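Tertiary structure, described
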Amino acid sequence: MYAEELLSALPLKQVIGPMPTQIKDIAIDSRSVQPKSLFVCIKGETVDGHDFAQKAVDNGAIVIVTERVLPLAEDITQVIVADTNRAVGLLAAKFFDYPSNEVTMVGVTGTNGKTSVTGIIHNLLQSMGEKSALSGTIGFNLNGILYETANTTSDALSTQQMIFRAKMEGCRAMIMEVSSHGLALGRLAGVDFDIAIFTNLTHDHLDFHGTMEEYGNAKGLLFSQLGQDLAKNKVVVLNADDVWSKKYAALTQFPIYTYGIQEDAAFKASNIRYANGMTHFTLHSPEGEFDVSMHLLGEFNVYNVLAAIAAFYGRGFAVELVVEHIEQLPPVKGRMEKVQSDLPFDIFIDYAHTPDAIEKAIDAAMPYKRDGKKIIFLVGTGGGRDKSKRPAMAEKASRAEYVVLTTDDPRYEEFDSITGDLAKGMTHDQFACIGDRAEAVRHAVSVADEGDIIIFAGKGHEDYQIVENTKYQHSDTEIAVEAGRKKFNL
Ligand SMILES: CC(=O)N[C@H]1[C@@H](OP(=O)(O)OP(=O)(O)OC[C@H]2O[C@@H](n3ccc(=O)[nH]c3=O)[C@H](O)[C@@H]2O)O[C@H](CO)[C@@H](O)[C@@H]1O[C@H](C)C(=O)N[C@@H](C)C(=O)N[C@H](CCC(=O)O)C(=O)O
Ligand SMILES: Nc1ncnc2c1ncn2[C@@H]1O[C@H](COP(=O)(O)OP(=O)(O)OP(=O)(O)O)[C@@H](O)[C@H]1O
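Predicted model, so just to flag it, every value in this text is computed and none were measured.

**Side note on the site of ligand 2**
Neighbouring ligand 2 are 23 residues, the closest being Gly113, Lys114, Thr115, Ser116 and Ala357. Of all the secondary-structure elements, those providing two or more residues to the shell around ligand 2 are helix H4 (114-127), helix H10 (299-314) and helix H12 (355-365). Looking at the shell around ligand 2 element by element, the count peaks at four residues for H12. Class assignment of the residues belonging to the shell around ligand 2 gives a composition of six nonpolar, eleven polar and six charged.

Here it is in structure tokens:
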């Protein structure tokens with residue numbers, strides 16, 4: 001792209017040095033700079049991209065977008081802007097020619113349920129023969145290939161790159177998990193969402209946002225950023241049972257489709273039943289009543305499926321058609337996913353790492369609990385992140401007859417500090433603190449009797465554990481099945 005044209009995306013700037021003709025690529029990481037690139041220096045939490053400008057030049061950068069004049073060679077163009085974080089969104093959208101304008105963009109935000117709802121919508125589209133791409137906690141899924149991503153919502157440059165790739169591959173839709181960090185840090189700059197979905201707002205990430213008010217306001221950006229062009233067929237999907245929905249409704253003029261179980265909603269579920277590993281409910285919709293059956297477990301997944309149905313309806317799909325496809329939906333990986341094994345007890349793998357999600361995961365298992373048998377709940381939490389939620393997590397876990405307190409990704413935090421914080425919230429004494437997760441999993445199996453249920457929460461789809469800054473292979477399923485087979489001589 002012509003350098004002049006690309007830089008026209010930044011109206012307020014001071015340019016020092018010669019203006020090159022062409023820019024071949026944009027980068028925010030000095031390690032991935034290609035020859036004739038533009039490099040944007042971003043101040044991070046741990047390191048400052050300005051310190052890597054010379055490295056970027058060594059690797060072939062010819063234009064540096066920076067917040068201050070840097071001691072670089074005179075033939076390197078320096079573009080000084082007030083805020084490089086804002087600049088990268090504007091540049092990336094321009095460089096990739098605003099790809100979100102040509103793909104139906106679906107954004108899902110909320111404390112819990114983002115991966116589940118995005119996965120459900122993606123799977124429904126696939127089963128209807130529509131090509132879509134997906135990005136979120138699990139990675140970037142394009143053409144069935146999963147590419148690793150560092151974040152639930154990637155940085156602004158990677159985001160535009162992913163949408164561009166989805167467009168080039170002929171995807172009709174791109175479904176994105178939209179985190180509050182992503183919104184607050186401008187990672188979604190230039191993304192023109194067509195469908196904005198809210199799941200729920202409960203305690204998480206207060207280390208970053210400070211208060212629930214700030215956390216909720218950050219999520220609201222998804223709705224306020226939909227814009228004012230009412231000629232566009234944009235759709236807002238809100239959870240009628242969450243008080244934040246009223247605030248989000250006030251942030252947008254686009255049509256709102258509500259869903260829920262308790263309050264009045266356009267899409268409402270009643271008569272929820274669980275039998276033979278399936279969930280059944282009656283759907284009340286603007287197109288009448290439908291019996292819905294699905295392989296997804298738990299009331300929380302009824303909410304997630306309702307959100308998806310409302311979004312499809314908003315874009316003109318018949319409810320009956322969507323309901324037909326729901327029955328074929330596979331379980332979402334690592335979200336109350338039942339492990340298939342020959343063990344005499346049931347194992348569920350789940351990703352709950354907030355108080356609300358833990359409550360919902362136990363709720364989901366309750367219908368399968370046999371008389372006189374127990375639920376064993378293993379729960380961990382990440383090191384160095386929102387510590388204030390830990391006691392509340394254990395308090396919710398206390399509904400299980402036996403609880404194992406452990407770690408998710410301890411990073412640099414001591415095991416005992418994590419399990420000690422969790423233990424403060426326990427409301428009974430039937431629990432063990434075992435920081436080493438593999439050992440904790442084996443302990444959970446050692447206390448399981450025939451007919452019990454074990455829920456392993458916190459790692460979900462992940463097949464690793466991060467201790468200090470090293471990623472080790474770890475699978476709750478593999479460890480539990482091996483220990484269980486040994487215990488029961490299978
Ligand atoms: C605290 C935080 O948000 N950190 C994010 C931040 O990292 P950072 O501040 O340490 O800084 P950095 O990105 O490593 O470095 C700053 C700049 O220097 C550049 N650099 C760095 C090194 C080098 O050699 N050369 C170089 O050019 C980097 O490319 C970057 O442009 O910027 C990185 C790139 O965008 C993110 O991957 C990283 O997310 C970390 C992994 C993270 O864990 N973030 C969490 C808090 C987060 O964002 N979570 C949300 C919510 C998840 C949920 O819903 O549960 C998410 O969306 O993931
Ligand atoms: N709608 C929901 N309401 C409450 N809890 C939910 C809901 N959907 C899923 N959960 C619970 O939250 C856990 C995480 O679900 P999911 O991964 O879909 O959420 P998420 O918003 O993507 O979370 P994260 O951003 O932290 O990855 C699930 O394993 C389940 O226990």
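**Topic: the site of ligand 1**
Surrounding ligand 1, one finds 19 residues, the nearest of these being Gly44, Glu45, Gly49, Asn151 and Ser179. Taken together, the residues of the shell around ligand 1 break down into five nonpolar, ten polar and four charged. Built from parts of two domains, the shell around ligand 1 gets at least three residues from each of domain 1 (3-95) and domain 2 (99-326).

**Concerning the sheet that holds strand E5 (residues 77-80)**
Here five strands make up an open sheet; going across it, the order is E1-E5-E4-E3-E2 and the pairing mixed. On the outer flanks of this sheet lie strand E1 (14-16) and strand E2 (25-27), each paired with one strand and no other. Along the sheet, successive strands turn relative to each other by an average axial angle of 20°, direction set aside. Relative to strand E3 (residues 37-40), E2 runs parallel, the two sharing three bridges. The residue bridging Asp25 from the neighbouring strand is Ser37, located in E3. This element, helix H3 (residues 84-95), spans E2, E3 and strand E4 (61-66) of the sheet and lies at about 150° to E3.

**Looking at the nonpolar core**
Nonpolar side chains in soluble globular proteins generally cluster together in the buried interior. Judged by nonpolar contacts, the single largest core of 151 residues is most densely connected at Val237, Leu378 and Ile454. Sort the elements by how many residues they give to this core and H10 lands first, with twelve residues. Residue contacts for Leu378: discarding those within four places in its chain leaves Val404, Thr406, Ala440, Val441, Ala444, Ile454, Ile455, Phe456 and Ala457.

**Overview of the domain arrangement of the chain**
Parsing the chain into structural domains produces domain 1 (3-95), domain 2 (99-326) and domain 3 (337-487). When each unit is reduced to the centre of its C-alpha atoms, the spacing between domain 1 and domain 3 is 45 Å.

**Observations concerning unusual backbone geometry**
In this model, Asn143 sits at a positive phi of 55°, which is unusual for a non-glycine residue. Residue position: Asn143 is located in the loop between strand E8 (139-142) and strand E9 (145-147). Using a count of 11 C-beta atoms within 10 Å as the deciding quantity, one classes Asn143 as exposed. Positive phi, close to 45°, is recorded for Met336, a residue that is not glycine. Looking at where Met336 falls in the secondary structure, it is placed in the loop between helix H11 (319-326) and strand E17 (337-338). C-beta crowding within 10 Å serves as the criterion here: with 25 such atoms nearby, Met336 is assigned to the buried category.

**Brief notes about the packing of H12 against helix H13 (residues 390-397)**
Where H12 contacts H13, the two axes come as close as 8 Å, and the packing angle between them is 10°. Taken together, H12 and H13 sit at an angle that is classed as roughly parallel. Listed contacts from H13 to Pro355, Ile358 and Glu359 of H12 are Ala392, Met393, Lys396 and Ala397. Its residues assigned to classes, the contact of H12 with H13 comprises five nonpolar, no polar and two charged.

**Regarding the UniProt feature "binding site: ATP" (unreviewed entry) in the chain**
Mapped onto this numbering, the UniProt entry gives "binding site: ATP" (unreviewed entry) at Gly110, Thr111, Asn112, Gly113, Lys114, Thr115 and Ser116. Assignment of secondary structure puts Thr111 in the loop between strand E6 (104-109) and H4. For Thr111, a count of 23 C-beta atoms within 10 Å gives the class buried. Contacts of Thr111, omitting those with residues within four sequence positions, involve Asn200, Leu201, Thr202, Asp204, Thr354 and Asp356. If you trace the backbone, Asn112 turns up in the loop between E6 and H4. The exposure class assigned to Asn112 is buried, which follows from the 25 C-beta atoms found within 10 Å.

**Structural notes on helix H5 (residues 156-168)**
The end-to-end C-alpha distance of H5 is 18 Å, a good match for the 18 Å that 13 residues give at a rise of 1.5 Å each. Most of H5 is tucked away: ten of the 13 residues are buried. When we look at burial in H5, the residues that qualify are Ala156, Leu157, Ser158, Thr159, Gln160, Met162, Ile163, Phe164, Ala166 and Lys167. Buried residues in H5 make contact with E2, H3, strand E7 (132-136), E8 and strand E10 (173-177). Immediately beyond the C-terminal end of H5, within one or two residues, lies Gly170, with a positive phi of roughly 80°.

Cut-offs and rules
Residues numbered from 1 in each chain as written. Chains lettered and ligands numbered in written order. Predicted model: local features only at pLDDT ≥ 70, side-chain atom pairs only at ≥ 80, totals over all residues. Near = placed C-beta within 6 Å. Helix = DSSP H or I, 4+ residues; strand = E, 2+ residues; numbered from the N terminus. Nonpolar A, V, L, I, M, F, W, Y, C, P; charged D, E, K, R; others polar. Domains from an automatic or database assignment. Pairing = 2+ DSSP bridges. Axes fitted to C-alpha atoms, helices over the stretch in contact; angles between N-to-C directions. Contact = placed C-beta atoms within 7 Å. Core = buried A, V, L, I, M, F, W, Y, C linked by C-beta atoms within 7 Å. Buried ≥ 20, exposed ≤ 12 C-beta atoms within 10 Å, placed from the backbone. Parallel < 35°, antiparallel > 145°, perpendicular 65-115°, else oblique. UniProt positions renumbered as here; feature names shortened; annotations may be inferred. Expected span 1.5 Å × (residues − 1).

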